[in-house]
Every structure is written in structure tokens, then in C-alpha cells.
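Descriptive analysis of the structure
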Amino acid sequence: MGLLDRLWKAISETLFGSAGAPGAEATGSAYERAQSHALVVWLLGKTGAGKTAIVAALTGDARAEVGQGFEPCTRTASFYNVPAEAPLLRFLDTRGLGEVDYDSTEDMSWCEQQSHLLLVVMQVADPVQHQVLRVLQAVRSRHRDWPIVVAQTGLHRLYARGMQHPIPYPYSGGQDDETQALVPHALRQALAYQRKQFDKLPGTRPHFVPVDFTLPEDGFPPSDFGLEMLWRVLEEVGPIAFEALRLAQSDVESDRIRAKARPLIYGYGTVAAGAGAVPIPMVGVGGIAGMIAMMLRTLAIRYQSAWTPRTFGEFSGAIGGGALFWWMLRYGLRELLKLVPVVGTAAAGALNAAAAFAVTVAIGEAACVWLAYRHRGLTAPDEEVRRAFAGGLAAGLRRAKDQTPHSEQRA
């Protein structure tokens, strides 16, 4: 049996519950494995700084706006998983620093062990940030290479009466913000004062992003002022996770379900990449098949559909053997390279991790097209399914190459 047939057979067996499906034991829980691969963003700031508003703006999930959707992990800390089924990104929120009778020492130590990136949130009108800076000093003394993004919030609090947000967005995050004529003098001073407090922080200087997330009735349009710049900076420090979220927020060409499903697809792709990197030849195929099957099952639920052996056969036939055949051929040859001790194993593992991510994304994109038509009672044109697969494969390979290895993020 060729590798291509083996992949579809393994996916089918996992989808329809056949005992002893290849890679089933190695796959384990997709949710747990996704959690172990997901980028963890530690939200750090005082009470009322605007941490929850930032999560809501980035995820587009109304649950975050009212403090729900968080999964408690200690008495005073919570995870917000995006997406919930197979997290690609996890926001770790802690009790606000500076609260009366709150000793944060134990919480901060626990959170430091979980995290890869710090998103510090500071109300720009609040100059008293010594609690936050004390935690950052301790963390940076042990993790000098950790990215730190500082969101300076509540800009309108220092506007003159009747002033609106300056358009276009005038901030760069650098020293020129201190002389920006469009920004009120009091606000320029407050931004500069907060940033100066980071001068003695060890390691790379943080990225500063002034933002102002308000309600429509507050009268400061746009209500997500600075969100574009925040996206840009976060994509720079955590490209694969934040680019997927951004696509989900801005994709106007895809159907609504497909746009919201993209972080899910990337989440499963990240887990599949781990299977592709397994150093034992051919073991990765079963693990990838398991992840793809779980992804397809979850996507079907989102489209209020279900897979049967017949519909799965129609879908795999719609993708066809062209691009996927050549992908499987190259994947199989690289698996054989793992037989070469040390160098072959490392090289093949890295290449097939990227390939596993890409093919999972490609099949997910194709499935969204196929399921969207089925949801409307129609049959998806084969050429449209294949075009989605090819586009997803190319995009997945491109983004996988840009991904920062998790081992480096955890260093």
C-alpha cells in the first residue's frame, strides 16, 4: 500500500472508530497535545489595566468581554484557550497586581513556568507600576530573550476636552512618540515616563504599543484604536499563532464558519508537526492521520454535519491525488532519511514537521470548502476543493518556515 493510500486509510480508521488505528496510541488526546504545543501569552498588569479587553479584541470572542471563557488553572490564574478544541494560543491571565492583601509571589512563579511571551498591560494615566516592574525584573533575570510587549492603554483619559483619537494612528513605539505633534503634551509625557521605567530591564528592550479599546457609547471612534499596530507587533514576536488569529478576524472572502475555524486548523496543524518530527521512521504518518481525523470531525460539527465512509470517500476523491501524491512521496523519502543516525534524523524530522503542519492546514482548508457546500445542500466543485487544498498547502509551508521553534520560545 502506497503512502497516500495509507494516509487516507489511517484517517478513515480514526474517523470511524476502527480498533487499532495507526498512531492512535501515540496521538493521545488532541486537546492535551495541542496544549503542550500552544504559545502561552502571559497577561501581566494591575487590576483595571485592560487585560480582558485586549483578549476580547484579539480573539473576537464576546465571552472574554464579560470575564467568561476562561479555564481556571490555580485559585487566582486562568487560561483562555484559542480555539477551545485544540489550542493554538493560550492567554494566561492572573489576578491584578497591586490588590490589597494579595501576595503574588507563588502565582508569578507558577505562571513563569508556563509562559513563552509576556503581554504587559499598563493604564497610561497610572504612573505607579512598581509591582509590575518588580515581577518583570525577576522574570527577565532568568529569561533575557523572552519577548515583552507593553500595551499602554486608556489613551483618551489624557485627551483635552472634546478631543478625538488622532487619525491616522501616529505612534511608532519609539522615541519619536515623545515629539509627535498630534499627541497631547500630557499624554506624550505619560507615555515617556512609563517607558523610561523599563530602561534598567535586562535583555532586549520591550515593544511599546499605545492602544485604546473603548465602548461605542464612550464616543471615541474607532473603539479598537491601535489594534492594527498591536497585531503587527504580536505577529513579529509570535508569528504562527497570531497570524492565524488575524486571518480569522480579517478573512472576508471565506464563509463565516471557515474564518472562525482557521485558528482551529492551525492548532491541529501545530500538533501534527510534532508527529512529523518523531525520530522513528514512518511513525509520524499515523500521528498525522490521527490529528487530521480529529480536525475533520471537529470541523464537521461546526458545519452541523457528520462524516460517513461514503462522504469521506467523496471528499478525498475531490482533493485528488495530484499535489497530495507528490507531498506524500517527498514525505516518505524524508522518513527514510531518519534511518541515517543523528544528522539524517534531525534533518528529516525538521522538514517533515513543516510538511505535516502544511498538509494538515491544506486538508483543513479543503474540508471547509467541501463542508460549506454540503451545509447548503450542494456538492462542492472538485476544482474549488483542490484549489483550497493547494492554497492551504502553500500557505502552510510558508508559515511553517517562519515559525519560531517552541524549544527556543521556552528557553
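Because the structure is a prediction, the values reported are computed rather than measured.

1. Some words on the overall build of the chain
The secondary structure content of the chain amounts to 17 helices and nine strands. The buried share among the 411 residues of the chain stands at 54%. Excluding contacts between residues fewer than 6 apart, the proportion of contacts in the chain whose partners are at least 24 apart in sequence is 72%. Summed over its atoms, the accessible surface of the chain is roughly 18,200 Å², and 55% of this surface lies on carbon and sulfur atoms.

2. Let's talk about the nonpolar core
With 52 residues, the main nonpolar core has I11, L296, L299, W307, F315, I363 and V385 as its most contacted residues. For this core, the secondary-structure elements that each account for two or more residues are α1 (3-15), α11 (256-276), α12 (283-302), α13 (309-319), α15 (343-375) and α16 (382-402). Looking at this core element by element, the count peaks at 16 residues for α15. Setting aside chain neighbours within four positions, we find I11 in contact with A289, I292, A293, L296 and F312. Y80, V82, V211 and L234 belong to the second-largest nonpolar core, a separate cluster that totals 26 residues.

3. Considering the environment of G174
Tracing the backbone shows G174 in the loop between β6 (148-153) and α8 (185-196). Looking at G174, the relative accessible area reads 26%, which means it is partly exposed. Sequence separation between G174 and V209 is 35 residues, and the spatial gap between their C-alpha atoms is 9.3 Å.

4. Looking at the packing of aromatic side chains
Under the defined criterion, the tally for this structure stands at 10 aromatic pairs. Here F16 and F312 contribute two aromatic rings whose centre-to-centre distance is 6.2 Å and whose plane-to-plane angle is 75°, an arrangement assigned as edge-to-face. With F16 in the loop between α1 and α2 (24-27) and F312 in helix α13, the pair connects residues that are 296 residues apart, well separated along the chain. The exposure class of F16 is partly exposed, given its relative accessible area of 31%. With a relative accessible area of 4%, F312 lands in the buried category. Consider the rings of W307 and F312, whose centres lie 6.2 Å apart with planes at 85°: the pair is edge-to-face. An identical accessibility class is assigned to W307 and F312; each is buried.

5. A closer look at the packing of helix α4 (residues 51-59) against helix α9 (residues 227-237)
Where α4 contacts α9, the axes come no closer than 11 Å and their chain directions differ by 80°. It follows from the interaxial angle that α4 and α9 lie roughly perpendicular. Contact with α4, carried on its side by I54, A57 and L58, involves L227, L230, W231 and L234 of α9 and no other residues of that element.

6. A few points about the pairing of strand β4 (residues 89-94)
Burial analysis of β4 places six of its six residues in the buried class, the great majority of the element. Alternating positions in β4 separate into two faces, L89, F91 and D93 on one and R90, L92 and T94 on the other, with burial throughout. Pairing of strand β1 (residues 39-45) with β4 involves five bridges; the strand directions are parallel. Bridging across to β4, L39 finds its partner in L89.

7. Topic: unusual backbone geometry
Following I167, the chain continues into P168 via a peptide bond in cis, with omega recorded as 0°. Looking at the secondary structure, you find P168 in the loop between β6 and α8. The linkage connecting P221 with the following residue, P222, adopts the cis geometry, with an omega of -10°. Checked against the element boundaries, P222 lands in the loop between β8 (212-213) and β9 (224-225).

8. Description of α8
In a regular helix each residue adds 1.5 Å, so 12 residues correspond to 16 Å; α8 covers 16 Å between its end C-alpha atoms and thus fits that length. When α8 is considered as a whole, its buried residues turn out to be L187, R188, A190, L191, A192, Q194 and R195. Looking at the packing, one finds that the buried side of α8 touches β5 (117-123), β6 and β7 (207-210).

9. A short note on the pattern of salt bridges
Think of it this way: side chains of opposite charge can pair up when their charged atoms draw near. Applying the stated criterion to the full structure yields seven salt bridges. Connected via shared salt-bridge partners are K196, D199 and R205.

10. Regarding the confidence of the model for the chain
Looking at the chain, pLDDT values average 75 and 66% of them are 70 or higher. In the predicted structure, residues 333-351 sits below a pLDDT of 50 and forms 29 contacts with residues beyond four places in sequence or in another chain. Note that residues 404-411 has pLDDT below 50 and, in this model, 17 contacts with residues that lie over four places away or in other chains.

What counts and how
- Residues numbered from 1 in each chain as written.
- Predicted model: local features only at pLDDT ≥ 70, side-chain atom pairs only at ≥ 80, totals over all residues.
- Heavy atoms only, no water.
- Helix = DSSP H or I, 4+ residues; strand = E, 2+ residues; numbered from the N terminus.
- Buried < 20%, exposed > 50% of the residue type's maximum accessible area, 1.4 Å probe, protein only.
- Contact = heavy atoms within 4.5 Å.
- Areas by Shrake-Rupley, 256 points an atom, 1.4 Å probe, with all protein chains shown as cover.
- Core = buried A, V, L, I, M, F, W, Y, C linked by side-chain atoms within 4.5 Å.
- Phe/Tyr/Trp six-rings, centres within 6.5 Å; stacked < 30°, edge-to-face > 60°.
- Axes fitted to C-alpha atoms, helices over the stretch in contact; angles between N-to-C directions.
- Parallel < 35°, antiparallel > 145°, perpendicular 65-115°, else oblique.
- Pairing = 2+ DSSP bridges.
- Expected span 1.5 Å × (residues − 1).
- Salt bridge = Lys/Arg side-chain N within 4 Å of Asp/Glu carboxyl O.
- pLDDT = per-residue confidence, 0-100.

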